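Architecture at a glance
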Amino acid sequence: MNVILTIRARLALLFTAVVSLLLLIFCLLIYTVAERFRQREYKERLREEALTSVELLFGKETINPDLFKLLDRNQMTVLNQEEIIIYNHRNQIIYESGSDYLDVSKHQLDQIRLKGELFWREGDREIVGVPYADRLNRFVVVTSAIDKYGFSKQRGLAIMLAVGWLLATVVVAVTGYYFAQRMLRPIQRMVQEIDLITASALNRRLHEANNNDELTQLSRRFNRMLDRLEEAFRMQRAFVSNAAHELRTPLTAITGQLEVSLMTDESPADLKATIISVLDDAKGLNRLANGLMSLANASLDESAVRMQPVAVDEVLWQVRQTLSKQHPNYAVLLEQPTSQPSYAWQITGNDSLLQSVFYNLLENGAKFSPNHTVRARLSASTTELTLWIQNDGPPLPADELPHIFKPFRRGSNGKDIHGHGIGLSLTERIVRLHRGRISVESSTEQGTIFTLVLPLQ
């Protein structure tokens, strides 16, 4: 069975585990330090007891061994279950308190003489062996006892630390869950707000706090993404609506002419004229379909378009020749500085898309100019390439300039000129795809000027 934990629960568990582990290490450290201190203190007491015993029994001022044993049996000493054994240089016992708690091996006696002091444990019994020597004798004194009170204190400390660690873990778990829930409350609110955003309610936005933390930045980025999505949906609806309208017009004309031809007995000459008119409408419909297809393809991002070095001046001259062949009455006056080296016109782009841009701008300028003449001028700086395209046609009203690059938008100066309002929109999208920019100015004195700026390679 898979248990799915929420982020809130995982944060609380992780926080509890980390803090609990740190507390456990701290408690173990306290207990270890206390145990070492107890052991060191008791070892010193055993050592002092051993030296005191041998001094009293074999020093300058001695007491009777039987009296010393009597004191030991009646627990006159301060150590619990104490046993004292004194060995001579032949490892023979010359004094034993008589409790028989301990057996000392020859190897241990040799280690005591070699190291000068030896400490070891057997169960709860702690043992210290020390050598003792005077002018006449050499002894080994072994003292052992059980630190009853020290162990009792250690057990009490262990219980206290364990209970404290357990209570602290519970408190940390509860507080960690509370603070995790509090910290993730904005995310819960974001989830609730996101659930209310649908295709029919794209105008809703996430709440943005006044601070600048990560969640606020996430809300802002999400809202900016919603702005782009809403704009894309709006443009898509407008595109579909305008495309349907533009397609319906030539289709209605074709249908109407064919129906009229079927209803009347036209002469061959009239029938031929009708066919020619229908053919023109069909060609216009084909151009419109191609324009819509190009407009859709230009919406792709840069990763879907093959980019390579392109010589803009060469592409511009090719477009000029193509336009002259298709429209012999159009004149394109192209101005290019001869002082610039050939690499000054190199950019990174798509050759066919750039041809479409230049063709649309030049054809548009020549079409609207009274004498069908358009002027184009190239210039380049260290970072950018600029192309100006000017025609002397009727100027565009100032209020129409911001909308000239929108799909199916045509200026009021082109009511009598055939077109669908796709070319400039297609041009603007291709320029944006090449990380460039395009703008337009229009006045009675200088006509209409399109300024195209592209970054150099």
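Residues numbered from 1 in each chain as written. Predicted model: local features only at pLDDT ≥ 70, side-chain atom pairs only at ≥ 80, totals over all residues. Heavy atoms only, no water.

Quick look at the overall build of the protein chain
Using the following cut-off: Helix and strand labels come from DSSP, where a helix needs a run of H or I of at least four residues and a strand needs a run of E of at least two; each type is numbered from the N terminus. Partly exposed describes any residue whose relative accessible area lies between the buried limit of under 20% and the exposed limit of over 50%, with all areas from a 1.4 Å probe on protein chains only and scaled to the type maximum. By definition, residues are in contact when any of their heavy atoms lie within 4.5 Å. Surface accessibility in these figures is a Shrake-Rupley result with a 1.4 Å probe; residues are shielded only by whichever protein chains are displayed.
The secondary structure content of the protein chain amounts to 10 helices and 12 strands. Going through the 457 residues of the protein chain one by one, you find that 35% of them count as buried. Expressed as a percentage of contacts within the protein chain between residues at least 6 apart in sequence, the contacts between residues at least 24 apart total 62%. By element, 57% of the accessible surface of the protein chain is carried by carbon and sulfur atoms, the whole surface being about 28400 Å².

Here's the deal with the sheet that holds strand β9 (residues 373-380)
As a reminder, the rule being used: In short, DSSP must find at least two bridges between two strands for them to pair. Lines fitted to C-alpha atoms define the axes here, with helix axes fitted over just the stretch in contact, and angles between the N-to-C directions of these axes take values from 0 to 180 degrees.
Strand order in this open sheet of 5 strands is β7-β9-β10-β12-β11, and the pairing throughout is mixed. The open sheet is flanked by β7 (331-335) and β11 (437-443), the only strands paired with a single partner. Here the strands of the sheet are splayed against their neighbours by 15° on average, with no regard to which way each runs.

Digging into the pairing of β7
Residues Val332 and Leu334 point to one face of β7 and are all buried, whereas Ala331, Leu333 and Glu335, pointing to the other face, are not buried. Bridge analysis of β7 against β9 gives 5 bridges, and the strand direction is parallel. Opposite Leu333, over in β9, you have Arg375 as the bridge partner.

Points about the pattern of salt bridges
Note that side chains of opposite charge can pair when their charged atoms are close. To keep it simple, the criterion reads: Within this document, salt bridges are pairs made up of a side-chain nitrogen of Lys or Arg and a carboxyl oxygen of Asp or Glu, the two lying within 4 Å of each other.
If you walk through the whole model with that rule in mind, you get 15 salt bridges. When the shortest N-O distance is used, the salt bridge between Glu35 and Arg38 registers 2.8 Å. In this pair, Glu35 and Arg38 both sit in helix α1 (residues 7-58), 3 residues apart, roughly one turn of the helix. Overall, Glu35 belongs to the buried group, its relative accessible area being 15%.

Topic: a nonpolar patch on the surface
Going by this rule: Patches were defined on residues exceeding 30% relative accessible area and lacking a salt bridge, with like-charge contacts within 9 Å and nonpolar side-chain contacts (Val, Leu, Ile, Met, Phe, Trp, Tyr) within 5 Å.
Together, Leu14, Val18, Leu21, Leu22, Leu24, Ile25 and Leu28 make up a nonpolar patch on the protein surface, roughly 650 Å² of accessible area in all. Inspection of the secondary structure assignment puts Leu22 in helix α1. Judged by its relative accessible area of 54%, Leu22 falls in the exposed class.

Examining the sheet that holds strand β4 (residues 125-133)
Overall, antiparallel pairing links the 5 strands, which are arranged β2-β1-β5-β4-β3 in an open sheet. Lying at the two open borders of the sheet, with one neighbouring strand each, are β2 (93-96) and β3 (118-122). Averaged over all pairs of adjacent strands, the angle between strand axes in this sheet comes to 20°, irrespective of strand direction. Where β4 lies against strand β5 (residues 138-146), 9 bridges are found, and the strand directions are antiparallel. Each bridged residue has a counterpart across the sheet, and for Ile127 the counterpart in β5 is Ser144. Most of the contacts of α1 go to β4, to which it runs at about 40°, and overall it touches β1 (80-87), β2, β3, β4 and β5.

Let's talk about the side chain of Arg8
We apply this condition: For the charge count, each Lys or Arg is scored as positive and each Asp or Glu as negative, with His and the chain ends excluded.
Within the element layout of this structure, Arg8 appears in helix α1. Of the buried charged residues, Arg8 lacks a salt bridge, with Asp195 as the closest side chain of opposite charge at 13 Å. With residues near it in sequence (within four places) discarded, Arg8 still touches Tyr177, Ala180, Gln181, Leu184 and Gln188.

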